[in-house]
Amino acid sequence: MSSFSQEEIEEFKVEAQELMDTAEKGLLALDQDGDFKTCFDSIFRSFHNLKGGSGMMEFLDLQAHTHELETIFMGFKEKTSIPKSYINLFLRGVDAARSILEGEKVIFDFLVKEDEAENTSPQPIQVAEQIEEGHLKIAELAPVIQEEQESQSSSGYEIPDEVMGEFLAEVEETIDNISKKLQLIEKKEYDKELVDNLYRDVHSLKGSAYLFSFHKMGDIAHAMESSLETVRNGTHLPSDRLLDCLFKSLRVLEALAIKMKKKECDEGFTKVVPVVVKALTFASGKLEKIPEETIAQVLSLQEEVAALLPAETLIQDEIVKLEEAVMSIPAQVTSVVKEKEAEGVSSIRVPVALLDSLMTLMGEMVLVRNQVLQYSNKTEDLEFSSMSKRLNVVTSEIQEEMMKTRMQPIGNVLEKFNRVVRDLSHDLKKSISLVIQGAETELDKSLLEAVKDPLTHIVRNSCDHGIETPDIRKQCGKVDTGTIIIKSYHEGGQVVIEVTDDGKGLHKDQLIKKAIEKGIITSAQATQLSDKEAFDLIFAPGFSTAAQITNVSGRGVGMDVVRTNIEKIGGTVELSGKAGAGTAIKIKIPLTLAIVPALIVKCGQGTFAIPQVKIEELVRVDPESENKIEMLHGSPVYRLRGDILPLVDLNKVLGQQEGSDNYGDRVVNIAILNAETFSFGVIVDEIQDTVDIVVKPLNRLLKSLQVYAGATILGDGSISLIFDVMGISKMAQLGQEKSKNKVEEDKGHKMSDLQELLLIKLNSPTKHALALNYVQRLEEFETDEIEYSGDERAIRYRGNILPLVSVNEQLGYSIEKGEREKVSVVVIERAGKLYGVEVNEILDTFSTIVEVKEPIKKHTGIFGNINTDEELIVVIDPFELIGKAFDIDGILPKFDSKLLDRPLGIDGRGGTILLVEDTVYFRKAIKAVLEKRGYEVLVAQDGKEALEILNKEYSRIDLIVSDIEMPRMNGFQMAKEIRKNPAYSKVPLLAVSSKADKDYRREGMNSGFDMYLEKLKPEVLLAAISELWPEERKAA
Amino acid sequence: MSSSGDSLVQRVEQLTTFYVGNELFGIEVMKVQEVTGNPQVIPVPLAPEFVRGLVNLRGQIATAIGLSELFAQKKSHDDLSEMSVVCKSEGNLISLVVDSIGDVVEVDGHKFEKTPDTVPQTLRRFVKGVYKMDGILLSVLDIETIFKELSTDSESTSGRS
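Residues numbered from 1 in each chain as written. Chains lettered and ligands numbered in written order. Predicted model: local features only at pLDDT ≥ 70, side-chain atom pairs only at ≥ 80, totals over all residues.

Tell me about the overall build of chain B, and name the residues and values.
What chain B contains, in helices and strands, is three helices and 12 strands. In chain B, which comprises 161 residues, the proportion classed as buried is 32%. For chain B, contacts bridging at least 24 residues in sequence account for 57% of all contacts bridging at least 6. (Helix = DSSP H or I, 4+ residues; strand = E, 2+ residues; numbered from the N terminus. Buried ≥ 20, exposed ≤ 12 C-beta atoms within 10 Å, placed from the backbone. Contact = placed C-beta atoms within 7 Å.)

In structure tokens form, the structure reads like this:
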């Protein structure tokens, strides 16, 4: 046999892929308890057609493979379901078929067949049903037609082409007529005349068939004629069975006619024809006689029909055989099916390259149109101007339609996820259902391809990390089955795809912890992250939330690649979620890559395009405006709703002209652009229209210019460069330090210097505050709830007694009695016990970079003051307050107060202390205390940093004061590390932590700390330091 | 220009010739898509000096490269008489801006010689070789080489801007 052209093979491959997709879809539907019969049929047809097609295209491996699959599959014909193991087998089979199609050698294990498939031999009923419902398609008959291609046509004569053509046309017409009449009869809308006509048609068909020596056709027609004999004579009624047989026969005739038309052999029908004839004869023989007259007798017919049932089964047997004959022959379907489909299906395949070039031409046509329009505006010629207007309308319409040619429903991609989710849920032993909404949403084919991988990744992530195992779900009070919803819709000229799962969601703390571990952010940054920023961490390169790496996902290349890929096509990814309640990922992508809405701006002599998606807003500043452009260290900034917005002068970035810095006395146009993590404004000379542009890539020579994303041709034929917003920001050296808040940077402060305070109101005109790090919770209690035990006031709180301390009382402010119904309480943990610090009102939290200064007059419970520009804030020390109120300082280690008087070394230099503390507030406070005393203080933010410093400077470090709870490496771990290293294992270690209950103390001592203190009064700390101070250095 | 196509000793090459400054250059005729007049060039800020800008060629965007800038020659001409030789390479359209256009000549192999070493490096890296014509030497440019050389050039300079 001749081989096929590359094109034909490609076409077959596409078709084969589609068939496999259909089969897979069917299998998955079966798995999801879809309607068995429908699924079965579609799967069977897919396998079957695939087998046939591959046979014809000489994909013999594939043919053998699918044949085997089909045979196994047939075994389930009479069943109502297929066991999971088999569905898996078939799914594997489809996968293998894909590989085979791609030319891989696959050894496939059909093992399951041996034990079960054999005893599920097909039974006739289902087949009969299939036939009854007219399910037997031309496709299934086609194999017969193709069976023995080499043999000659059965017609003995050489019939001239034109005669043959006429004959065939007549045959087709007759078959059509017969078919119509049979349908009427089936609907019981027949009379004598109709039956006569039918009989005549069949008769003439028989005649002409024999005349041209098409014996098979003649035989069938003859049998049909005979079977109708009794009906025509008016003695018998046509039974449904007979009608079925007649329809069936007609199909065979049709198939024969197609065969003849192609002048191919009809040997394949050799087996079929006798079966058909036999079936027809059988059916007609069993027709009941027309009852003599009465209605009663007509009614009794029903019973007779029932009595005929065994006979029907016999006929069905025949039909089954017919069917089997059809099936067992290797199918050679494709061509015939296609011929048939060409009439029915109104779509054709067109190479994408052709569409692309059409698009390009379209673009040019639009340009010409624009030129014509511009010209027509200048002329007085009315006729020409009306013609050009029509040209305008038509071109726009063509353009619109042209766009649609590349559009494909997103369902094409989304439906593949059914399989992904099914397989994964199986592998992961989770129960997951996938809901797809908006599968009909259309978008550009190239975009569809581009979102496929990212989406797959997201869906896999959801399955792997999102959805919990059924056990855990039950514990959380969720239904066993997790749901992933993929929703797609159009919104504002973009396609939105949302992937939502009801899994465990994202835990901000876990994310942050992970990010710190991986060194993506520092612990100091971590404290300042908003929820959104924390979620964004997941997109950072090298980030993976999976606790352990599974083979499903979590290779650490995940979400950052997703984001990059989506952004590459001009889309955005957003992530939101609630711990415990699931995750939602929202992807927005443009409708099409080819055409992008963009804002045209003028700058210098050139016009430039900025993609609309990157533009946040446009601002125009004229000399009368309230807010003007200000210069900050030589860079222009603009106050936009209170925030400082960095500005970039495009003229300067592009080096086009000197560009005066004098923005104050002219109108300035600012386009505010969004560069992922921050916004900035670009100053342009002029803002023009928004237009749809066709993005054309730049020459390789210019690719390295990062400010441009491409070029486009505008309506007037001029060229405009398209800006790459990220590129501009890089050129202007904005946002160099990742996600750092620009405003903070301008102020010259690092984020890590921020300390957070809780503002409280007391019976004092001055505002008070306490460090937020102390605070466990904020509560409000009814005054009635307060109980008294002696002088002490307490509240039942979470099954414990919460002793209350009134700050007013402790600080000696006036105390009002029983006036308020509610008390505001700051819950603070000290030494493993909770205390309630009672205040008048909890005002707010605030962050400041201003340092806490020691109070002028020492007062127990007051830590220091903060002088902001506006006011003085008193910072209280809640630990000291609690200690004072409950006199629990007694449990603290007692120090000889004389220790404090001990001189600190000869030169007044007290030696060097390494302070390890992650909280800014404490770090500053403790450092200040130590420095005041005369120690030199080195600072580390966490255990890791401390070890680094220690490694470098251990020789001069005399003592280490460390916090316990720290990111990256906590105090315990650090202590163990320190004790391991002989170089500095002897350095005294002092733990100072707000967590100081028994367990912590014990663990602290076990880890190698020499002393464990609660965060407390400076004197105690200093005394402790003196106590621990290394002997030899004391002497020094 | 003289044509020496009558003696087909070796392979015969057809070249489109043009002048840059006083020098005669040629490019393989099959590589040339068209020769146009003086189209409107949209400058590309920040691009290397030899990139004149972008040109709209009936809906296709071509990059215009000034050969005199590329060869570091002094401009001794007025811009109006300039011509463009449009070539295509790997799907990229490039429009070489030259001072004036010569004939299409047929040259044969035995008149070909390697570029002499004295030719300055700025030029030599683009020139494949020289044909000895009557009264003038014809330098053959290789469009692929120009592309390659320039691509690496612009990549290495990009970081600085």
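Can you break down the overall build of chain A residue by residue, with the values?
The helix and strand inventory of chain A stands at 36 helices and 34 strands. When each of the 1036 residues of chain A is scored for burial, the buried share is 37%. Across chain A, the fraction of contacts at a sequence separation of at least 24, relative to all contacts at a separation of at least 6, is 68%.

I'd like to hear about the packing of helix 16 (residues 352-378) of chain A against helix 17 (residues 382-405) of chain A, residue by residue, with values.
All names here are of chain A. Two elements in contact, helix 16 and helix 17, have axes separated by 10 Å at closest approach and are oriented at 160°. Classified by the interaxial angle, the pair formed by helix 16 and helix 17 is roughly antiparallel. Regarding helix 16 and helix 17, the two cross each other, and that crossing is left-handed. Contact with helix 16, carried on its side by L355, L358, M359, M362, M365, V366, R369, V372, L373 and S376, involves F384, S385, S388, L391, N392, T395, I398, Q399, M402 and T405 of helix 17 and no other residues of that element. When the residues that make up the contact of helix 16 with helix 17 are grouped by side-chain class, the tally is 12 nonpolar, seven polar and one charged. (Axes fitted to C-alpha atoms, helices over the stretch in contact; angles between N-to-C directions. Parallel < 35°, antiparallel > 145°, perpendicular 65-115°, else oblique. Left-handed = near helix turned anticlockwise from the far one by under 90°. Nonpolar A, V, L, I, M, F, W, Y, C, P; charged D, E, K, R; others polar.)

Now, about the sheet that holds strand 13 (residues 643-649) of chain A: what can you tell me, with residues and values included?
Two pairing modes exist for strands in a sheet, parallel and antiparallel, and in both the strands are linked by backbone hydrogen bonds. Residues and elements named next belong to chain A. The strand order 10-14-15-13-12-11 describes an open sheet built from six strands, whose pairing is mixed. For this open sheet the edge positions go to strand 10 (615-621) and strand 11 (629-632), each flanked by a neighbour on one side alone. Neighbour-to-neighbour, the strand axes of this sheet turn through a mean angle of 35°, independent of strand direction. Sheet analysis places strand 11 next to strand 12 (residues 635-640), joined by four bridges and oriented antiparallel. Looking across to strand 12, one finds that E630 is bridged to V637. (Pairing = 2+ DSSP bridges.)

How would you explain the interface of chain B and chain A if you had to name every residue and give the values?
The partner chain A presents 23 residues to the 21 residues of chain B that form the contact. Secondary structure elements with two or more residues in the side of chain B that touches chain A: strand 5 (51-57), strand 6 (60-66), strand 8 (92-98) and helix 3 (143-158) of chain B. For the side of chain B that touches chain A, the element with the highest residue contribution is helix 3 of chain B, accounting for six residues. Of the residues assigned to the side of chain B that touches chain A, the class counts are 12 nonpolar, seven polar and two charged.

So, helix 4 (residues 84-101) of chain A: which residues are in play, and what are the values?
All names here are of chain A. For helix 4, which comprises 18 residues, the first-to-last C-alpha distance of 25 Å matches the rise-based estimate of 26 Å (1.5 Å per residue) to within 8%. For helix 4, every residue scored as buried is listed here: Y86, L89, F90, G93, V94, A96, A97, I100 and L101. End-on view of helix 4: buried residues confined to an arc of 165°, all on one side of the axis. Across from the buried face of helix 4, at angles greater than 90 degrees, the exposed residues are K84 and S85. (Expected span 1.5 Å × (residues − 1). Arc of directions from axis to C-beta.)

I'd like a rundown of the confidence of the model for chain B, residues and numbers included.
Residues and elements named next belong to chain B. Taken over all residues, the pLDDT of chain B has a mean of 78, while the share at 70 or more is 81%. Throughout residues 1-9 the model reports pLDDT below 50, and contacts reaching past four residues in sequence, or to other chains, amount to 19 contacts. The low-confidence segment residues 156-161, where pLDDT is below 50, has four contacts with residues more than four positions distant or belonging to other chains. (pLDDT = per-residue confidence, 0-100.)

Quick one: what's the story with helix 31 (residues 920-933) of chain A, residue by residue and with numbers?
Each full turn of the α-helix corresponds to 3.6 residues, which orients residues three or four apart in the same direction. Residues and elements named next belong to chain A. Helix length check: helix 31, at 14 residues, gives a terminal C-alpha distance of 20 Å against a target of 20 Å (1.5 Å per residue), a fit within 8%. Here helix 31 has its buried residues at V920, Y921, F922, R923, A925, I926 and L930. Looking at the residues trailing helix 31, positive phi occurs at G934, about 115°.

Break down the sheet that holds strand 5 of chain B for me, with residues and values.
Residues and elements named next belong to chain B. With mixed pairing, six strands are arranged side by side in an open sheet as 3-7-8-6-5-4. Unpaired on one side and paired on the other, strand 3 (32-36) and strand 4 (41-42) mark the two borders of the sheet. Sheet topology note: the strand 5/strand 6 ladder contains six bridges and is antiparallel. Bridge pairing in strand 6 links V55 to A62.

Go over the packing of helix 19 (residues 416-428) of chain A against helix 20 (residues 445-466) of chain A, please, and point to the residues and values.
To describe two helices that pack against each other, one gives the angle between their axes and the distance between the axes. Residue and element names in this part refer to chain A. Here helix 19 crosses helix 20 at 30°, and the two axes come no closer than 10 Å. Taken together, the axes of helix 19 and helix 20 are roughly parallel relative to one another. Note on packing geometry: the crossing formed by helix 19 with helix 20 is right-handed. Between helix 19, through F417, V420, V421, L424, S425 and L428, and helix 20, the contact on the second element is made entirely by T456, V459, R460, C463 and D464. Of the residues contributing to the contact of helix 19 with helix 20, the split by class is seven nonpolar, two polar and two charged.

I'd like a rundown of the environment of A991 of chain A, residues and numbers included.
All names here are of chain A. Relative to the elements of secondary structure, A991 occurs in strand 33 (residues 989-993). By C-beta crowding, A991 is classed as buried, having 29 other C-beta atoms within 10 Å. Between the C-alpha atoms of A991 and F972, which are 19 residues apart in sequence, the distance is 9.2 Å. If we skip the residues at most four places from it in the chain, A991 touches S962, I964, G971, G1004, F1009, M1011, Y1012 and L1013.

Give a description of the confidence of the model for chain A that names residues and reports values.
All names here are of chain A. Looking at chain A as a whole, its pLDDT mean stands at 73, while 75% of the residues score no less than 70. Between the elements of chain A, mean pLDDT differs from a low of 36, seen in helix 28 (residues 742-746), to a high of 90, seen in strand 18 (residues 719-723). Predicted confidence for residues 290-295 stays below pLDDT 50, and this span has eight contacts to residues more than four positions away or in other chains.

Quick one: what's the story with the environment of R620 of chain A, residue by residue and with numbers?
Residues and elements named next belong to chain A. Within the secondary structure layout, R620 lies in strand 10. Along the primary structure R620 and N669 are separated by 49 residues, whereas in three dimensions their C-alpha atoms are 4.7 Å apart. Those residues within four positions of R620 in sequence are excluded, and the remaining contacts are V667 and N669.

Let's hear about unusual backbone geometry: which residues, and what values?
Unlike most non-glycine residues, K429 of chain A shows phi in positive territory, near 55°. Inspection of the secondary structure assignment puts K429 of chain A in the loop between helix 19 and strand 2 (432-437). Overall, K429 of chain A belongs to the exposed group, with 9 C-beta atoms counted inside 10 Å. The phi dihedral of L46 of chain B is positive, around 80°, even though this residue is not glycine. For L46 of chain B, the location among the structural elements is in the loop between strand 4 and strand 5. Residue L46 of chain B is classed as buried on the basis of its C-beta count, with 20 C-beta atoms lying within 10 Å.

With reference to specific residues and values, describe the environment of V920 of chain A.
All names here are of chain A. In this structure, V920 sits in helix 31. Judged by the 22 C-beta atoms lying within 10 Å of it, V920 falls in the buried class. For the pair V920 and E756, spaced 164 residues apart in the sequence, the C-alpha separation amounts to 8.8 Å.

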